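Below are the chains, spelled out letter by letter.
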Amino acid sequence: MISDFNDPELNGKYLGTITKDFVKVSEVLKEASYQVRSRKFSKYPIFPISKEEQPIGQLLLGKDEKKLDWNYYITYIDEFLQRKLVSEELIEDFEKAYKDPDEFCCLFVVDKDFTSFVYIPYPED
């Protein structure tokens, strides 16, 4: 069960590699987030990222085809509830922690030593 919605542990090992990739993919993720929300699929788009294949969400950008360090998937909070990764009791906490999706991208980092929600600001135009 995941209960931490922005882990400070990220600052060391992961931030550099995530940020390097994010600059390359942020426009695609921002547009995908907008489409999810404007089509009313969910108010809470989430982009799971991992270096290996993982089962959460649909692959949006593969690391090999785009020369990235991470694979980028797309899903919504509903899948996290269905898979019991976030409990019904924590959904209100998640919604409060969820940052403005026009300004921040909600990543779900999945790696061997680290699994957490992380909010990265989109670059200014």
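Whatever comes next refers back to the structure up there.
Residues numbered from 1 in each chain as written. Predicted model: local features only at pLDDT ≥ 70, side-chain atom pairs only at ≥ 80, totals over all residues. Heavy atoms only, no water.

Draft legend 1. A look at the overall build of the chain. Secondary structure assignment for the chain yields 4 helices and 5 strands. Secondary structure elements of the chain, listed N to C terminal, follow the sequence α-β-β-α-β-α-α-β-β. For the chain, with 125 residues in total, the buried portion stands at 46%. Considering only residue pairs separated by 6 or more positions, the chain has 60% of its internal contacts joining residues 24 or more positions apart. As presented, the chain carries roughly 7,300 Å² of accessible surface, and 48% of it is formed by carbon and sulfur atoms. (Helix = DSSP H or I, 4+ residues; strand = E, 2+ residues; numbered from the N terminus. Buried < 20%, exposed > 50% of the residue type's maximum accessible area, 1.4 Å probe, protein only. Contact = heavy atoms within 4.5 Å. Areas by Shrake-Rupley, 256 points an atom, 1.4 Å probe, with all protein chains shown as cover.)

Draft legend 2. Seen up close, the packing of aromatic side chains. Applying the stated criterion across every chain yields a total of 10 aromatic pairs. Here a set of aromatic residues connected by ring pairs shows up, and it is made of Tyr 44, Phe 80, Phe 94, Tyr 98, Phe 108, Phe 117 and Tyr 119. Lying over the aromatic face of Trp 70, Lys 51 brings its terminal NZ or CZ to 4.9 Å of the ring centre. Residue placement shows Lys 99 over the ring face of Phe 104; its charged tip is 4.9 Å from the ring centre. (Phe/Tyr/Trp six-rings, centres within 6.5 Å; stacked < 30°, edge-to-face > 60°. Lys NZ or Arg CZ within 6 Å of the ring centre and 35° of its normal.)

Draft legend 3. Summary view of the side chain of Asp 21. Assignment of secondary structure puts Asp 21 in helix H1 (residues 15-38). With no salt bridge to any partner, buried Asp 21 finds its closest opposite charge in Lys 24, at an N-O distance of 4.6 Å. If we skip the residues at most four places from it in the chain, Asp 21 touches Leu 68, Asp 69, Trp 70 and Tyr 72. (Lys, Arg positive; Asp, Glu negative; His and termini not counted. Salt bridge = Lys/Arg side-chain N within 4 Å of Asp/Glu carboxyl O.)

Draft legend 4. Quick peek at the pattern of salt bridges. Taken as a whole, this structure holds 4 salt bridges when the rule is applied. The salt bridge involving Asp 69 is made with Lys 20; its shortest N-O contact spans 3.1 Å. Residue Asp 69 is located in the loop between helix H2 (63-66) and strand S3 (71-76), and its partner Lys 20 is located in helix H1; the two are separated by 49 residues in the primary sequence. One salt bridge connects Lys 96 with Glu 92, and the closest N-O pair in it is separated by 3.5 Å.

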